[in-house]
Amino acid sequence: MKMQNAIELQGLKKRLGNFVLGPIDLIVPKGCIVGYIGENGAGKSTTIKLLLNLMLPDQGEIKLLGKDIQEFTPQMKKDIAYVFDDLYLPEDMTLKNVQNFHRKLYGQAWQDKTFSELITRFNLPDNKTIKHFSRGMRMQLGLALALSHGAKLLLLDEATSGLDPVIRDDVLDLLLEYIQNEDHTVLVSSHILSDLEKVADYIAFIHKGQLLFMEAKDELVEQYGITSLSKEQLAEIDDKAIIGKRPHQFGVEVMLKRSLVPDDLELEKVSIEDIMVYMIKGERK
Amino acid sequence: MIALIYKDLVALRKALFSLVFIIFIVGFITVRQGNIMTLPLMFILVPLILLGMLWGSDTKSNVDQYIIPGPVTRRTIVLSRYVFVWIVAVIGTLFTILLKLFLRDGILLEIPWYLIAVTMPLLVTAISMIQLPLMYKFGAEKARLIFVVLYFVVFALFSYIGSNKELIAKFMDKLILLDLKIIGLAVMGVTLLLNIVSFALSTTIYTKKEF
Amino acid sequence: MRRCLVNIKIKNSSNDPIYLQIKNQIRDAILNGELEADELLPSIRLLAKELRVSVITTKRAYDELEKDGFIHSVHGKGSFVAPQNLDLIKERFLKKIEANMTEILRYAKLADVSHDELIEMIKTLEDENAECN
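Residues numbered from 1 in each chain as written. Chains lettered and ligands numbered in written order. Predicted model: local features only at pLDDT ≥ 70, side-chain atom pairs only at ≥ 80, totals over all residues. Heavy atoms only, no water.

Draft legend 1. Molecular detail of unusual backbone geometry. Residue and element names in this part refer to chain A. Even without being glycine, asparagine 53 reaches a positive phi, approximately 65°. With respect to the helices, strands and loops of the structure, asparagine 53 is situated in the loop between helix H1 (44-51) and strand E4 (59-64). If you check the backbone angles, lysine 208 has positive phi at about 50° while not being a glycine. (Helix = DSSP H or I, 4+ residues; strand = E, 2+ residues; numbered from the N terminus.)

In structure tokens, the structure reads:
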């Protein structure tokens, strides 16, 4: 049978001191880009560390590319690529050293040509040690490495946070190129999605260790709308329709569920960031 | 595995050069002073220095987090570190045997080569084998602290032995009665046992570690 | 069978969802003959990449186009412009116009709007739309 899901989490649970992640059930179909969003400390990195076997779950099952990660052989691990918020390699290495290291590490799977092309595209210097690379360059190198061993699943953990818009734009292009192959899947975790939001097929939202939803982005964005109301107008709205609100001196800004408000109420489009902010604030009150 | 050793060598590149340089200087001084035995004994320190530096570099770059999800098992990562020590042990042993071949006089000449071949690995690896599981368990900093305590214990042990010389004498008498080859085998056995137990311990600790 | 070269503009300010914008523009291109029958359309993944939208969005646009009979997909080969029966389409549109007109006439009667005034309104609307485009 053909494998259809890139990621399957079942009852995944992990306790770290006072923080509890999960239980999380999540299914990511292959061939798509998923934005894994939430506040700092919501549990995004913990989830990704669990996926990468850097942490061991207290409970639950993790399947990547249809296989339990406990049964992964080194050969199978070549199908998984990952980029963290920084490139965790000895800083005395030059680009050539890094390339040699990966050539030896990935053996047959390593694609020297792809790597060289990406390096040229990013204009990365090959004589400097990575100590002298800027943060953006380190991330570009990390991404080039991740994309050069024919992986089917790419995990990005806060990889583009705090980078300038031009570099983020490059990343966007690379992700879209990567996803041209329908066997490829991307999971991007971030507390700010910004431009990456545009290309995400699904949004998974995690809050205080709990997965609030995992939905197709288009449907998600179409479900909600934002508008400004007076306090009297707000009183007439069904309480269930109100996702979150920002009261100010001259009225209230509210995010509403379109299906539960009258059709003639004009609502503006929402962004994923709006949804995130209003949901978190809505819960606080 | 080769990739991991390569990474270690690159990370230590500068340190390795200065180490070879230092060994040459020390060698030069000891040869002039006629105290040639110091040279092989230096190899006892080499793996400790290198391991210390490797741990420093690894901790700084957080490289474990990068290689564990990669196409290696955790066991291989631990093994690479042991192989590193073993390479130093092999170099040290070969070096000492060569030294014996080229020397005209001194204590080295009296020791048969096979005894050197089994003793040097023990001398070179012994401390590392105790230190490695400690480093994996407690991290480099705490492991060093534990080691300082260990030094004191060893020191106390030596001073106890020193004040009971007759015990040593008795032991030595018995030892001399034994065949040198049997001693050699015993040393080899101890080395193997120490290395295997240490590796098993480190692997167990490292597989349960979280990053 | 030539490669499809059609201009698609995405407006973020538009109230229409992105999939609808794509769908409408491809549909219009087919109806005004910019896209001919049996032309190969770009794959949903390529379209998503070029427009920088999600694959689900482009897939939905194609699904709806297919449902409406404007394109047909061959598994493993891609999506093609379906041969259009222009008379049939015209008839379908005429029916829609008729339905809307009935509605308009009903409101016009209620508000006491004469036929001349209605025609004047249509002209004004046309002019406004021309300016917008």
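Draft legend 2. Quick look at helix H2 (residues 44-51) of chain C. Taken together, the buried positions of H2(C) are C:Arg45, C:Leu47 and C:Ala48. Along the axis of H2(C), the buried positions cluster into a sector of 165°, meaning they face one direction only. Looking at the buried positions of H2(C), the neighbouring elements they touch are helix H6 (165-178) of chain A together with helix H1 (18-31) and helix H3 (55-67) of chain C. Downstream of H2(C) by one or two residues, C:Arg52 has phi in the positive range, about 60°. (Buried < 20%, exposed > 50% of the residue type's maximum accessible area, 1.4 Å probe, protein only. Arc of directions from axis to C-beta. Contact = heavy atoms within 4.5 Å.)

Draft legend 3. Region of interest: the sheet that holds strand E13 (residues 251-257) of chain A. Residue and element names in this part refer to chain A. Taken together, the 3 strands give an open sheet; going across it, the order is E11-E13-E12, and neighbouring strands pair in antiparallel fashion. Unpaired on one side and paired on the other, strand E11 (224-229) and strand E12 (242-248) mark the two borders of the sheet. Geometrically, the sheet is characterised by an average inter-axis angle of 15° between neighbouring strands, direction not taken into account. Pairing geometry for E11 and E13, over 6 bridges, is antiparallel. Residue pairing across strands places serine 228 opposite glutamate 253, the latter belonging to E13. (Pairing = 2+ DSSP bridges. Axes fitted to C-alpha atoms, helices over the stretch in contact; angles between N-to-C directions.)

Draft legend 4. Molecular detail of empty space enclosed by the protein. Scanning the entire structure with this criterion turns up 3 cavities of 30 Å³ or more. Of the pockets and cavities examined, the largest cavity occupies roughly 80 Å³. Lining the largest cavity are A:Tyr82, A:Val83, A:Phe84, A:Asp85, A:Asp86, A:Leu87, A:Tyr88, A:Arg138, A:Met139, A:Gly142 and B:Tyr66. Elements represented by at least two residues in the lining of the largest cavity include exactly strand E6 (80-83) and helix H5 (135-146) of chain A. Looking at the lining of the largest cavity residue by residue, the class counts come to 7 nonpolar, 1 polar and 3 charged. (1 Å grid on protein atoms, 1.4 Å probe; cavity = no way out; pocket = protein on both sides within 12 Å on 5 of 7 lines; lining within 4 Å. Points joined across faces, edges and corners; volume = space filled by probe spheres on them. Nonpolar A, V, L, I, M, F, W, Y, C, P; charged D, E, K, R; others polar.)

Draft legend 5. Layout of the packing of aromatic side chains. Residues and elements named next belong to chain B. Under the defined criterion, the tally for this structure stands at 13 aromatic pairs over all chains. Ring geometry for tyrosine 82 and phenylalanine 199: centres 5.3 Å apart, planes at 80°, overall edge-to-face. Of this pair, tyrosine 82 sits in helix H4 (residues 74-102) while phenylalanine 199 sits in helix H8 (residues 180-207), and the two are 117 residues apart along the sequence. Considering the side-chain rings of tyrosine 206 and phenylalanine 211, the 6.1 Å spacing of their centres and the 65° angle between planes classify their relative orientation as edge-to-face. (Phe/Tyr/Trp six-rings, centres within 6.5 Å; stacked < 30°, edge-to-face > 60°.)

Draft legend 6. Molecular detail of the side chain of A:Ser148. Residue and element names in this part refer to chain A. On the secondary structure map, serine 148 appears in the loop between H5 and strand E7 (153-157). Within the local environment of serine 148, its side chain forms a polar contact with the backbone nitrogen of phenylalanine 115, the two atoms lying 3.5 Å apart. Setting aside residues no more than four positions away along its own chain, serine 148 makes contact with Ala109, Trp110, Gln111, Thr114, Phe115 and Leu118. (Polar contact = N/O pair within 3.5 Å; in protein donor to acceptor, adjacent residues only side chain to side chain.)

Draft legend 7. Highlighting the pairing of strand E10 (residues 210-216) of chain A. All names here are of chain A. The pairing of strand E9 (residues 202-207) with E10 spans 6 bridges and is classified as antiparallel. Of the residues in E10, the one forming a bridge with histidine 207 is glutamine 210. Remark: 2 residues form the turn of the hairpin made by E9 and E10, two consecutive strands paired antiparallel; lysine 208 in that turn has positive phi of roughly 50°.

Draft legend 8. Layout of the interface of chain A and chain C. Taken together, the contact between chain A and chain C spans 20 residues of the former and 17 residues of the latter. Across the chain A to chain C interface the summed buried area is about 1,500 Å²; carbon plus sulfur atoms make up 46%. It is A:Gln180, A:Asp218 and A:Lys269 that lose the most area in chain A upon contact with chain C, and together they represent 34% of the buried surface on that side. Remark: the boundary between chain A and chain C carries 3 salt bridges. A salt bridge links C:Arg52 to A:Asp173; the nearest nitrogen and oxygen atoms lie 2.8 Å apart. Our count for the contact surface shared by chain A and chain C stands at 12 residue pairs in polar contact (both at pLDDT 80 or more). Considering every element that reaches the side of chain A that touches chain C, the biggest residue donor is H6(A), with 5 residues. Considering only residue class, the side of chain A that touches chain C consists of 7 nonpolar, 3 polar and 10 charged. (Buried area = accessible area lost by both parts, 1.4 Å probe. Salt bridge = Lys/Arg side-chain N within 4 Å of Asp/Glu carboxyl O.)

Draft legend 9. The layout of surface pockets, seen in detail. Space inside the largest pocket adds up to approximately 920 Å³. Forming the boundary of the largest pocket are 31 residues, of which A:Glu182, C:Ile44, C:Arg45, C:Lys59 and C:His75 lie nearest the centre. Every element with two or more residues in the lining of the largest pocket is listed here: H2, H3, strand E1 (71-74) and strand E2 (78-81) of chain C. At 6 residues, H3(C) tops the list of elements feeding residues into the lining of the largest pocket. Here the lining of the largest pocket is built from residues that sort into 11 nonpolar, 9 polar and 11 charged.

Draft legend 10. Just the domain arrangement of chain A, in detail. Residues and elements named next belong to chain A. Partitioning chain A into domains gives domain 1 (5-208) and domain 2 (220-284). The C-alpha-based centres of domain 1 and domain 2 are spaced at 34 Å. Each side of the interface is counted separately: domain 1 has 12 residues, and domain 2 has 9 residues. Between domain 1 and domain 2, a total of about 860 Å² is buried, with carbon and sulfur atoms accounting for 70% of that surface. (Domains from an automatic or database assignment.)

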